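# Structure assessment
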Amino acid sequence: MSTNNETANPPTLAENPPALPPEEIIDQLRAISMRMGEMAPMTAEQRRALRGRLRTSDPVVNASINVIDTLDNVSHAVGQPIEAVRSLQDEAIRWSAVEQELRSMLNGVSGANLLRRQRIDLIAAQAYTIGAQLARDPANAILLPHVEEIRRMRRVSRRRKASPEQTESEP
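What counts, and where the lines are drawn
- Residues numbered from 1 in each chain as written.
- Predicted model: local features only at pLDDT ≥ 70, side-chain atom pairs only at ≥ 80, totals over all residues.
- Heavy atoms only, no water.
- Patch = residues over 30% accessible without salt bridge, like charges linked within 9 Å, V, L, I, M, F, W, Y side chains within 5 Å.
- Areas by Shrake-Rupley, 256 points an atom, 1.4 Å probe, with all protein chains shown as cover.
- Salt bridge = Lys/Arg side-chain N within 4 Å of Asp/Glu carboxyl O.
- Helix = DSSP H or I, 4+ residues; strand = E, 2+ residues; numbered from the N terminus.
- Buried < 20%, exposed > 50% of the residue type's maximum accessible area, 1.4 Å probe, protein only.
- Phe/Tyr/Trp six-rings, centres within 6.5 Å; stacked < 30°, edge-to-face > 60°.
- Lys NZ or Arg CZ within 6 Å of the ring centre and 35° of its normal.
- Axes fitted to C-alpha atoms, helices over the stretch in contact; angles between N-to-C directions.
- Parallel < 35°, antiparallel > 145°, perpendicular 65-115°, else oblique.
- Left-handed = near helix turned anticlockwise from the far one by under 90°.
- Contact = heavy atoms within 4.5 Å.
- Nonpolar A, V, L, I, M, F, W, Y, C, P; charged D, E, K, R; others polar.

What follows covers a nonpolar patch on the surface. There is a patch of nonpolar side chains on the surface, built from Leu20, Ile25, Leu29, Ile32, Trp95, Val98, Leu102, Met105 and Val109 and spanning about 760 Å² of accessible area. Among the elements that line the nonpolar patch, the one with the most residues is helix 6 (residues 82-135), at 5 residues. Assignment of secondary structure puts Leu29 in helix 2 (residues 22-35). Note on Leu29: relative accessible area 41%, which makes it partly exposed.

Attention now goes to the pattern of salt bridges. Under the counting rule described, the total for this entry stands at 3 salt bridges. A salt bridge links Asp90 to Arg94, with the shortest nitrogen-to-oxygen separation between them at 3.2 Å. Separated by 4 residues within a single helix, Asp90 and Arg94 lie in helix 6, roughly one turn from each other. On the accessibility criterion, Asp90 (38% relative accessible area) is partly exposed. Ionic pairing is found between Arg103 and Glu99, a salt bridge with its closest N-O pair at 2.4 Å. Of this pair, Arg103 and Glu99 both sit in helix 6, 4 residues apart, which is roughly one turn of the helix. Judged by its relative accessible area of 39%, Glu99 falls in the partly exposed class.

Moving on, we get to the packing of aromatic side chains. Each aromatic ring pair is specified by the distance between its two centres and by the angle formed by the two planes. What the rule picks out here adds up to 0 aromatic pairs. A cation over a ring is seen here: Arg154 above Tyr128, with NZ or CZ 4.2 Å from the ring centre.

For the rest of this paragraph, the subject is the packing of helix 6 against helix 7 (residues 144-158). The contact between helix 6 and helix 7 brings their axes to 9 Å, and the two run at 130°. Compared by their axis directions, helix 6 and helix 7 come out oblique. The handedness of the crossing between helix 6 and helix 7 comes out as left-handed. Between helix 6 and helix 7, the residues in contact are Tyr128, Gly131, Ala132 and Ala135 and Leu144, Val147, Ile150, Arg151 and Arg154, respectively. Class assignment for the residues of the contact of helix 6 with helix 7 results in 6 nonpolar, 1 polar and 2 charged.

Read these as geometric descriptors, not functional statements.
Written out as structure tokens, the structure is:
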């Protein structure tokens, strides 16, 4: 009796393919998007309004669909054969899984990018602090304009922006 260790052991991190650059991922996402077929981009307000109309729970929806299956007159009155309704329901369930996977992927990408920005922020703060310290020595005077520009930019960014009402009333 032989065992196949290849199928028993999941791939390790070293065996995973290298990460794609962001531009290639964008190209692949656009290619997938074009092949997805029916998509309906909506504004947040449109989604909110549509969700507000979806008040029926899944068990009630399933029981209602069973009514269509019970009597042909119901199917004729609704204008949909039971097979089409069940197919639409199955498609909605399967696309919900796609939606959840995309949300999970977006959350992962967003988190990773937030970590990247945090690392950049830390490195930039360290560079400024070190540059400011070195600029105190006349031998490093070349750093002074950079440090002063950063100080100026920090002051500007800390200023409270005037509200539109204040700027309109001022001459």
